[in-house]
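# Structure at a glance
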Amino acid sequence: MDLVEESPYRFRIDRHDPMRVPGVVFASRSLLPDAGADKSLEQVANVATLPGIVDASYAMPDVHWGYGFPIGGVAATDVEQDGVVSPGGVGFDISCGVRLLAADLDRTELDGRLEPLMDGLGAATPRGMGKGAVWHLSKDSELDAVLRGGSRYAVERGFGVERDLVRCEDYGAVDDANPAQVSERAVERGARQVGSLGSGNHFLEVQAVEEVYDDRVATAFGLRPGQVCVMIHSGSRGLGHQICTDYVRGMAKVMTRHGIHVPDRQLACAPVSSHEGRAYLGAMAAAANYARANRQLLAAAARKVFERETGRGLDLVYDISHNLAKIETHDVDGARRSLCVHRKGATRALPPGHPDLPDDLRDVGQPVLIPGSMGTGSYVLTGVPGAPAFASTCHGAGRVQSRKQAVKAERGQDPRRQLAAQDIAVRGASRRGLAEEMPAAYKDVSAVVEAAEGAGLCRRVARLVPVGVVKG
Ligand code: 5GP
Ligand code: MN
Ligand code: MN
């Protein structure tokens, strides 16, 4: 793959047939994926062939291989020019995302209280495969309400406060959810998992604010140095996974009828305006609402434990997804166009002044939540004006080792002890599960964030360090 360095944090893959637009990779030289081990840059070029794609096929600095689309990829298609939507451009964990809550509590006040707090959080957070959930739905109509109402419905039922919704992307729910387009199998898989973490990479972490880069913005977000926070990373569980599976299969069957040819079967797609495209977007929106309700419920469980163990509440800083397609209006070559923006392992980053921001964030921009790893740190960023890639940035550090490689690298060592030696308390997760998620499995999150900022995608606001983690 030939890369042209356009500027220090921006590389171009020149357009060649059958690409419709160039590829653009935001990264430093040392963050570029190793072409021998990871085919994600080929995937960036493949995505550039999709009908209706505008501008470029983008990769964020945390890019790595994914199903069809790379993880850390952004692609927008023009809805009015037969632009397509692709389930692989959203990913299997629809609306997987991150929620950050902040306590009116200083890290030093946790001295002597951390172990019972972590025990409580561990016990209150359903995790792993099929091991219960915060919410036991009493009837089918309740799941329907979750799929339509997302966090709004969870708050209505007492799992949170109105103010939470102001600090949720889309005020806690996306419009246009169509539960009728969700298969019975997907409903079956999702019904017993509302309010559960899931496995592996998903977590609930107690963190402390280690560094603030911008006082004014941090204050507006509700963050200050030394403060204790809780970060939750989870998504739409079996429901989203099944929807992705269903629609990849369904679209693969009708692609030729729509005159679409793609270089990789995993890029199955259909025009946004087609029957299949609209059905997928309706089902995807339902899964997005499920994911938001899921994080709302996990937060409600954590708040109870926090209040009991520390006497303090948890205020929502923000809740944002990093696997989603959204119909948004953007300037393309000087014209306003309606685009289907796919962000897969990429985070929306609205700049200051954007009309979709709540009043109390209007002057500072959207909080962008970037988990790093359970052993290193995580970041809070904000959007910047005039950024490329449709107001998007990275979503994490990004994997460099496959799960298998990570387990092999940890052989003979005890990951729990290694974390304990760093004073990081761990709950949940098997030894293998922890080994898969050790910091060495991921890129250096600070380098990723530096590249994202250097490329003009976002700006740093604060850095958080792990204190204790409940792993899925
Ligand atoms: P993904 O959504 O791609 O599964 O994960 C997003 C990011 O979360 C990963 O790229 C990684 O940087 C980060 N991550 C995974 N596990 C943990 C964890 O236990 N704690 C923190 N803070 N970050 C994690
Ligand atoms: Mn996920
Ligand atoms: Mn995720």
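This structure is a prediction, so every number in the text was calculated from the model and none was measured.

## A word on the UniProt feature "active site" (unreviewed entry) in the protein chain
Per the UniProt entry, the sites bearing "active site" (unreviewed entry) are His-395 in this numbering. Along the chain, His-395 falls in the loop between strand E17 (392–393) and helix H9 (403–409). With residues near it in sequence (within four places) discarded, His-395 still touches Asp-62, Ile-71, His-322, Gly-345, Ala-346, Thr-347, Leu-369, Ile-370 and Pro-371. At 2.6 Å, the side chain of His-395 forms a polar contact with the side chain of Asp-62.

## Brief notes about the pattern of salt bridges
Where charged atoms from two side chains of opposite charge approach closely, those side chains can pair. Scanning the model with the defined rule gives 34 salt bridges in all. For Arg-99, the salt bridge identified is with Asp-319, shortest N-O distance 2.7 Å. Here Arg-99 is found in strand E7 (residues 97–106), whereas its partner Asp-319 is found in strand E11 (residues 314–321), with 220 residues between them in sequence. Each member of the pair, Arg-99 together with Asp-319, is buried. Residue Glu-436 pairs with Arg-403 through a salt bridge whose shortest N-O separation is 3.8 Å. Separated by 33 residues along the polypeptide, Glu-436 in helix H11 (residues 431–436) and Arg-403 in helix H9 bring together distant segments of the chain. Several salt bridges share partner residues, and in doing so they unite Arg-399, Arg-403, Arg-432, Glu-436, Glu-437 and Lys-471 into one network.

## Observations concerning the coordination of the manganese ion (ligand 2)
At this site the manganese ion (ligand 2) is bound by Asp-93 (OD), Cys-96 (SG) and His-202 (NE2), with donor distances of 2.1 to 2.4 Å. Along the chain, the residues that donate to the manganese ion (ligand 2) are spaced as D-x2-C-x105-H. Between the manganese ion (ligand 2) and the manganese ion (ligand 3), a separation of 3.4 Å is found, and both are coordinated by Cys-96. Cys-96 sits in the buried class, given a relative accessible area of 4%.

## Comments concerning the UniProt feature "binding site: Mn(2+) 2" (unreviewed entry) in the protein chain
UniProt's feature table lists "binding site: Mn(2+) 2" (unreviewed entry) at His-233 and His-322, given in the numbering used throughout. Considering the C-alpha atoms alone, the annotated residues occupy 90 residues of sequence yet fold into one spot, their largest mutual distance being 10.3 Å. Judged by relative accessible area, which is 8%, His-233 ranks as buried. The buried category is assigned to His-322, whose relative accessible area is 4%. Sequence-distant contacts of His-322, defined by excluding residues within four places in its chain, comprise Cys-96, Gly-97, Val-98, His-233, Arg-343, Lys-344, Gly-345, Ala-346, Thr-347 and His-395.

## As for the coordination of the manganese ion (ligand 3)
Coordination of the manganese ion (ligand 3) by the protein is provided by Cys-96 (SG), His-233 (NE2) and His-322 (NE2), with metal-donor distances spanning 2.1 to 2.4 Å. Summarised as a motif, the one-chain spacing of the donors to the manganese ion (ligand 3) is C-x136-H-x88-H.

## Quick notes on the site of ligand 1
The environment of ligand 1 is formed by 17 residues, the closest being Asn-201, Glu-205, Gly-372, His-395 and Lys-471. Measuring from a nitrogen atom of ligand 1, one finds a side-chain N or O atom of Ser-378 at 3.0 Å. Protein contact buries 94% of the 520 Å² of open area that ligand 1 shows by itself. Looking at the shell around ligand 1, its residues break down into five nonpolar, nine polar and three charged.

Quick notes on the rules
- Residues numbered from 1 in each chain as written.
- Chains lettered and ligands numbered in written order.
- Predicted model: local features only at pLDDT ≥ 70, side-chain atom pairs only at ≥ 80, totals over all residues.
- Heavy atoms only, no water.
- UniProt positions renumbered as here; feature names shortened; annotations may be inferred.
- Helix = DSSP H or I, 4+ residues; strand = E, 2+ residues; numbered from the N terminus.
- Contact = heavy atoms within 4.5 Å.
- Polar contact = N/O pair within 3.5 Å; in protein donor to acceptor, adjacent residues only side chain to side chain.
- Salt bridge = Lys/Arg side-chain N within 4 Å of Asp/Glu carboxyl O.
- Buried < 20%, exposed > 50% of the residue type's maximum accessible area, 1.4 Å probe, protein only.
- Donors = N, O, S within 2.8 Å, 3.2 Å for Na, K, Ca; no water.
- Near = heavy atom within 4 Å.
- Areas by Shrake-Rupley, 256 points an atom, 1.4 Å probe, with all protein chains shown as cover.
- Nonpolar A, V, L, I, M, F, W, Y, C, P; charged D, E, K, R; others polar.

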